[in-house]
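Report on the structure
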Amino acid sequence: MKVFFLFCAAILMSSCDFTSDHDQEATEAAVCWAEAYFNYDFHKAEEYATPESGRWLKFAASNTTEHDLQLVQQNGNGATVEVEDFFPEANDTLRVVSLKVSNYVSSTLPAESAQLVDEGVFNITTVLRDGKWLVKMEGLPQSEKQSRD
């Protein structure tokens, strides 16, 4: 009987490790993507994104102005990213990672002048594709809440 319980405990512990590995890998992909994206390195962000997200990265890049780039360069250390939370979905191939992005340049519309934002919270969707976690963009990232300098 003890052997049966030990066997069940070992299976349960290994399944928890599997889930936490997925959570960690999904979170790392979201953080790497966000560090690149919010520092206007769209080519690097593309490495952490699904192929279909490329059109949104190209859209963001094509709407980047000289003023935006000057603000990014003047931003010192650039945008920083911290994990707030993650939300595993019902299936094992999707995670939503909540990130706090600090000290980033935001320009939501091409006609709008870019501004330095103190802090924003973004929910980033990651998906498992061919054994690798990638960010799936279905639009440009929008902050759930933000505060401006």
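A quick note: this is a predicted structure, and the numbers were derived from the prediction, not measured.

1. Notes on the overall build of the protein
Within the protein, the secondary structure is distributed over four helices and five strands. If you list the helices and strands of the protein from N to C, you get α-α-α-α-β-β-β-β-β. Evaluated residue by residue, the protein yields a buried proportion of 35% over its 149 residues. Taking contacts inside the protein between residues at least 6 apart in sequence as the whole, the part at least 24 apart equals 59%. Surface summary for the protein: the accessible area is close to 9000 Å², and the carbon and sulfur share equals 54%.

2. Looking at the nonpolar core
The biggest cluster of nonpolar side chains holds 28 residues, and the ones touching the most others in it are W33, Y37, F38, L57 and L99. Every element with two or more residues in this core is listed here: α1 (2-37), α2 (42-47), α3 (54-62), α4 (66-74), β2 (94-106) and β3 (115-129). Element by element, the count of residues in this core is highest for α1, at six residues. What F38 contacts, discounting residues up to four positions off in sequence, is W33, A79, V101, Y104, F122 and P141.

3. Quick word on the pattern of salt bridges
One pass over the full model with this rule turns up six salt bridges. D92 is paired through a salt bridge with R95; the nearest N and O atoms lie 3.1 Å apart. Judged by relative accessible area, R95 falls into the buried class, the value being 1%. Three or more residues joined by partner-sharing salt bridges are found here, namely D23, D92 and R95.

4. Things to note about α3
Taken together, the buried positions of α3 are occupied by G54, L57 and A60. The buried side chains of α3 occupy one side of the element, clustering within an arc of 120° when seen end-on. Set apart from the buried face of α3 by more than 90 degrees, the exposed residues are R55, K58 and S62.

5. Thoughts on the pairing of strand β4 (residues 132-135)
Relative to β4, β3 is paired through four bridges, and the arrangement is antiparallel. Counterpart to R129 in the pairing with β4 is K132. Following β3, the chain reverses through two residues before pairing antiparallel with β4; D130 in that reversal takes a positive phi of roughly 50°.

Rules used throughout
- Residues numbered from 1 in each chain as written.
- Predicted model: local features only at pLDDT ≥ 70, side-chain atom pairs only at ≥ 80, totals over all residues.
- Heavy atoms only, no water.
- Helix = DSSP H or I, 4+ residues; strand = E, 2+ residues; numbered from the N terminus.
- Buried < 20%, exposed > 50% of the residue type's maximum accessible area, 1.4 Å probe, protein only.
- Contact = heavy atoms within 4.5 Å.
- Areas by Shrake-Rupley, 256 points an atom, 1.4 Å probe, with all protein chains shown as cover.
- Core = buried A, V, L, I, M, F, W, Y, C linked by side-chain atoms within 4.5 Å.
- Salt bridge = Lys/Arg side-chain N within 4 Å of Asp/Glu carboxyl O.
- Arc of directions from axis to C-beta.
- Pairing = 2+ DSSP bridges.

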